[in-house]
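Spelled out, the chains give:
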Amino acid sequence: MTTTTSPAQAPRPPASISSAAEPRKRALPRTGYWFLAPYLFFFALFLIWPIIYGLWMSLTNRSLVTEDSEFAGLSNYGEALTDPQMWSSLGNTLFFTVISSVPLVLVSFVMAYLVYTGLKGQWLWRLTFFAPFLLPVSVVTAIWAFLFTNDFGLVNGLLDKAGLSQVGWLSDERIAMWSIALVTLWWTVGFNFLLYLSALQNIPDHLYEAAQLDGAGTWRRLFSITLPMMKSTTGLIILLQALASLKVFDQIFLLTAGGPNGATRSILQYIYDSGFTGYRLGYASATSYIFFALIVLVSLVQMRLAKRKDS
Amino acid sequence: MKYPNRRQFLQGALAAAVTAGAVGSLAGCGSPGASGGGGKVTVWDPFQGADGANMRGIIRDVQSRTGLSVEPTTLSWGSPYYTKLAMSSASQQPPDTAIMHLSRMPGYAPGGLLEPWDLELLAEMGVTEADFAPAVWKSCQYEGKLYSLPLDTHPFITFFNQDLADRAGVLASDGSIEISSPDQMREVGAKLAEVTGGSGISFGYVMDTAQAWRLFWGLYRQTGGGWSLEQGQKAALDEAKAADVIGAVASWTDGTAMTRNLDYEGGLAAFNGGRVGMILSGVWEVSGLQASQPNLGAMPMPTMFGTPAAYADSHSYVLPRQRSMTDERRRSVYEFVTSVIRGGGPQWGTAGHIPAFLPAQETSEYRGLRPQAEYADAGSRVVFDPPAWFAGAGTEFQNQMSQSLSDAFRGRTKPMDAVGGMLAGMDRFLAAPNPTA
Amino acid sequence: MASTTTSAVKAASAASPAQEPGLSERARTRAQKKREVEHLRTLTLGPGRRGRVAAYSVVAVLAALWALPLGWAVLSSFKSEADASAAPLKFWPEGGWTADAYRGVLAAGDIPLWIWNSILVSTIVTIVTVTISALAAYAFSRQKFRGRRWLFGLTLAALMVPPQILIVPLFDQMIALRLSDTLLGVALPQVVMPLMVIVMKNFFDQIPVELEEAARLDGASDFRVFYAVVLPLSRSILTAVSIFVFISAWNNFLWPFIVTNSPEIMTIPVGLGTVKNAYGVQYASEMASAMIGALPLLIVFMLFQRHIIRGFATSGMGGQ
């Protein structure tokens, strides 16, 4: 549903015929099921079935290490909702979502705007800002774990040279999550950057020209034309970013594994920990559905807001 | 819409190459059995650094001696390792054999993820019960069967700087330090502190997930205190004795006799830098400590509460349950493991671990290792974690116990409160459904 | 003054393509593009130097910050182990530059194998996903059958399902299907991407139906119409979706991490993240491994930058 607002760069059918979009109900072949069958097969096998099966698992005490399992009713859900560790990992996740989303949206806009203005060296800027997004997560964490090391890590090494004391970037409970957010900013900002860039390139020049004739300066043009034109894109990016941040796992798992002392444990890590490390697949399924409910809630709220805006 | 020819060519070439490769290899990737490799013994371990280098050296020796083909894989120590091991066993594609801490075995064997060792085949390969300390052998059993074959024991002991100890006048003529009560421990610490001008003994436990528990459980077992951890019931400890032990440690950590606020790395750094004269630590740190303080002395944890007991764990080999296993392959696996245990002891010992195979301890090679030989007899009085499914190395249980304990060690809570905190933590584990039953 | 120049530029850029017969078409479009960029630069940053200097400084600082981690990793990968972990920090290695770390990593490790696995898995995922999604999207766009609306609604709803919540049941399912620890087990659960179906349906919706009708009058079957008429018109969207799917599959960590156990089945993100060097953390080797792991996609990106950027802008909305 989000794609209906896709940006200008989206490929379009050949221009010569794209005007005639209306009369498509005439030819209606009846082989629809054959076209759909392969997709439906995988859809049912790897999406619908796991959803149903997972729901069933969440009502049992299914274990990773034993064969038999018993029906447990809603006890897994009850336990999860009363487990302070579940709530603290949920809290960590929300905290991460806030401290990562804000810079990810702001910085990506600044980058995109600067590149959009047509500065020379487009290829270089785009490569530099987007390249980290193409790195596998374990490459990202290997690099940053090295940068964050004590003594000979680049960050602490520079602090040392500046005569400041070293920081336990990943080992200090109060700082670790901020470090993770920093890594995430570096790694994924390129994605938002691209979305902004393609939306910016959609702004017709004549708007600026009109404003210029009205005597608006460059700052004025940014605030009264560019930013308002970016409103819906920004809304979309915020939603996508929030959903992506809520699903954080990879970089935390590889950098701190949820530590120190649980300070960076995200809800997905809690699911992994309880299901695979703690063998309790049934309980982990229940937690998955609690998390799913949260995701659905966020999506629905956003859809609601988007609809209101449209009408 | 047209692109330069070079690019079209590149695109085409890339697509063709990838497609050809994919089609070619699809046949291979569909068959899970192919992953094991023909006749190779696959083994997992969590050893990195000195341990890892030693283990790879031992494996190389075994390969050249026996002609076996062995494929070792090293994964991150701690819960990532055990999680992956359980997942591979559950998906019936585990390695042929793997290293497991003895303390983790009770979390695996009851679930049916492990096969017991065949004693007859072991005996045929020259490994029998008589070759191991009774305390260790007993802990390797579950329901009367042998599930762990121990490679080593690695107790929690005391290291000291012989020069500083000598200057402080606490070094006995046989090179040990006489400590037989908690008060004496504090006195030794205070004397060492006079020499160093700072603290006497270092113990890095703050923010650590195991150190506080290691010290506590060993000392608690010295008191002869019992425990009860029955699923679904309340946990029980001898609360008075537990509080005694905690109170004793808290009395040491006054910042003078013993450091108070050091984490694990800080504890090591203090000793390596010569700022303290003694450190409470696991034997696996011996290489690093010796590199900084060549005149390193060592002794088992002094008996301060009556009964000799040394907290320890053991790296042991287990057999994850396989979907299928031929006799020939089984023999290869047994031959590999017994070769490592019988022949690798002295080299394994260089990194601090005490070889579990007693004849290996008697070799002149191992006897010549200092200070390893000085604490080797700790291997005969080891105590392990309680055999509960949730306990053991790298578990959340150890972490929670350590948090309760370290608050009391630092004087933030009273010993009795820490005991209460530990019991409450144990109760939570006992109340949670046991996923291995 | 400013307004006259801009309108002059505008007029020139509108008129020029037809009036300069001597230049090749490409050179002309390039020249026009240049004028348009210059025009936009003036519009957004003003005609003076001040705006430009400020913009260049900010973008340069940001780019430097973003390049620094990778740059440092590259430098360190060409140092000896001792120099890479020298404290205090040294930028210039005492022992000189060396490619030893690369040699060691390539000789000892499974990295080439992991890269190969990643290529296989990403290729399988891309081919299967694009094929089944294109067929389904065409059906949703053009064909009438019972349950169409309902099934499409289901696909829309599936957008909200985070794949991460399915790992626990899928793990069990893979054991039952005997697919755990196989490349197919890594690949197949990744082929269900409802977003790609929707992206392609939106595209097909805009293709005028007359072309298909003409082909059908000539007696072409449904599949032939799809294959011979629709697909050739859809090359841009197929490229965009393929790129997006390939890169997502290449960088996927969680599912391949859950389903693989043997090092020889792992993909590059999983292998680098899980299998450890038995000889301890050696930073030059770590950085060399990381650079080798980073290289394939970076090379692909440099070759196909324009396609990739457009692919992400198109398919990316909602796909992260």
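Source: prediction; values computed, not measured. (Residues numbered from 1 in each chain as written. Chains lettered and ligands numbered in written order. Predicted model: local features only at pLDDT ≥ 70, side-chain atom pairs only at ≥ 80, totals over all residues.)

Observations concerning the overall build of chain B
Looking only at helices and strands, chain B features 18 helices and 17 strands. Relative to the 2.2 N^0.38 estimate, which gives 22 Å for 437 residues, the radius of gyration of chain B is 25 Å and therefore close to what a compact globule would have. For chain B, the spread of C-alpha atoms along the three principal axes comes to 80 × 65 × 50 Å. When burial is assessed residue by residue, chain B has 50% of its 437 residues classed as buried. Look at the contacts in chain B between residues 6 or more apart in sequence, and 78% of them connect residues 24 or more apart. (Helix = DSSP H or I, 4+ residues; strand = E, 2+ residues; numbered from the N terminus. Rg over C-alpha atoms; globule rule 2.2 N^0.38 Å. Buried ≥ 20, exposed ≤ 12 C-beta atoms within 10 Å, placed from the backbone. Contact = placed C-beta atoms within 7 Å.)

As for the overall build of chain C
Summing up its helical and strand segments, chain C has 17 helices and zero strands in all. Relative to the 2.2 N^0.38 estimate, which gives 20 Å for 320 residues, the radius of gyration of chain C is 26 Å and therefore markedly larger than a compact globule would have. Along the first, second and third principal axes, the C-alpha set of chain C runs to 70 × 70 × 35 Å. A buried classification covers 48% of the 320 residues belonging to chain C. Long-range contacts, defined here as pairs at least 24 residues apart, represent 74% of the contacts in chain C between residues at least 6 apart.

Thoughts on the interface of chain A and chain C
Contacts between the two partners involve 98 residues from chain A, matched on the other side by 103 residues from chain C. No other element matches the 15 residues that helix α1 (residues 32-57) of chain A contributes to the side of chain A that touches chain C. Its residues assigned to classes, the side of chain A that touches chain C shows 64 nonpolar, 21 polar and 13 charged. (Nonpolar A, V, L, I, M, F, W, Y, C, P; charged D, E, K, R; others polar.)

A few points about the pairing of strand β3 (residues 97-101) of chain B
Residue and element names in this part refer to chain B. Across the five residues that make up β3, a large majority, five, are buried. Where burial is concerned, the two faces of β3 agree: the one with T97, I99 and H101 and the one with A98 and M100 are both buried. Two strands pair when backbone bridges link them, and strand β1 (residues 41-45) and β3 are joined in this way by two bridges, in the parallel orientation. Bridge pairing links W44 to A98 in β3. Where β3 and strand β15 (residues 315-320) come together, four bridges link them in antiparallel fashion. Paired with H101 across the bridge in β15 is H315. (Pairing = 2+ DSSP bridges.)

Structural notes on the pairing of strand β2 (residues 70-74) of chain B
All names here are of chain B. Counting buried positions over the five residues of β2 gives four, a clear majority of the element. Judged from the five bridges that link them, β1 and β2 form a sheet pairing that is parallel. Note that in β2 the partner of V41 across the bridge is V70. Between the parallel pair β1 and β2, the chain is carried across by helix α2 (residues 49-66), and the sense of this crossover is right-handed. (Right-handed = clockwise from strand over helix to strand, strands pointing away.)

Remarks on the confidence of the model for chain C
All names here are of chain C. Residues at a pLDDT of 70 or more form 90% of chain C, whose mean pLDDT is 85. This stretch, residues 1-19, has a pLDDT under 50; its non-local contacts, to residues over four places away or in other chains, come to 17 contacts. The complex prediction reports pTM at 0.85, with the ipTM value standing at 0.86. (pLDDT = per-residue confidence, 0-100.)

Section: the confidence of the model for chain B
The pLDDT averaged across chain B works out to 88; a share of 91% of its residues lies at or above 70. Long-range and interchain partners of residues 1-14 of chain B, a stretch whose pLDDT sits below 50, account for two contacts in this model, where long-range means more than four residues apart.

A short note on the packing of helix α7 (residues 182-196) of chain B against helix α9 (residues 239-252) of chain B
Residue and element names in this part refer to chain B. Relative to each other, α7 and α9 sit at 15°, their axes nearing to 9 Å. Between α7 and α9, the interaxial angle falls into the category roughly parallel. Of the two elements, α7 crosses α9, and the hand of that crossing is right-handed. Where α7 abuts α9, its residues P182, M185, R186 and G189 lie against A248, S251 and W252. Split by residue class, the contact of α7 with α9 holds four nonpolar, two polar and one charged. (Axes fitted to C-alpha atoms, helices over the stretch in contact; angles between N-to-C directions. Parallel < 35°, antiparallel > 145°, perpendicular 65-115°, else oblique. Left-handed = near helix turned anticlockwise from the far one by under 90°.)

Topic: unusual backbone geometry
With an omega of 0°, the peptide bond running from R370(B) to P371(B) counts as cis. By the secondary structure assignment, P371(B) is in the loop between α15 (364-367) and α16 (372-375). The phi angle at A257(A) is positive, at roughly 55°, despite the residue not being glycine. Positive phi is not limited to glycine here, since M207(B) has a value of about 65°. Tracing the sequence through the fold places M207(B) in the loop between β9 (201-202) and α8 (211-222).

Points about the environment of T155(C)
All names here are of chain C. Its location among the elements puts T155 in helix α7 (residues 148-158). The class of T155 is buried, set by 23 C-beta atoms lying within 10 Å. Between the alpha carbons of T155 and L195 there is a distance of 8.2 Å; along the sequence they are 40 residues apart. Once residues lying within four places of it in the same chain are set aside, the contact partners of T155 are P194, V197 and I198.

Description of the packing of α1(A) against helix α6 (residues 111-142) of chain C
At a minimum axis separation of 8 Å, α1(A) and α6(C) run at an interaxial angle of 135°. The pairing of α1(A) with α6(C) is recorded here as oblique in orientation. α6(C) is crossed by α1(A), and the crossing has left-handed handedness. Residues G32(A), F35(A), L36(A), P38(A), Y39(A) and F42(A) of α1(A) touch α6(C), and the partners they reach there are I132(C), S133(C), L135(C), A136(C), Y138(C) and A139(C). A class-by-class count of the residues in the contact of α1(A) with α6(C) yields ten nonpolar, two polar and no charged.

A closer look at α7(C)
Residues and elements named next belong to chain C. Among the residues of α7, L151, F152 and T155 are the ones counted as buried. Around the axis of α7, the buried residues are gathered within 100° of arc, so they sit on the same side. Along α7, the residues that are exposed and aim more than 90 degrees away from the buried face are R149, W150 and G153. Tucked into the core, α7 has its buried residues touching α6 and α10 (194-205). (Arc of directions from axis to C-beta.)

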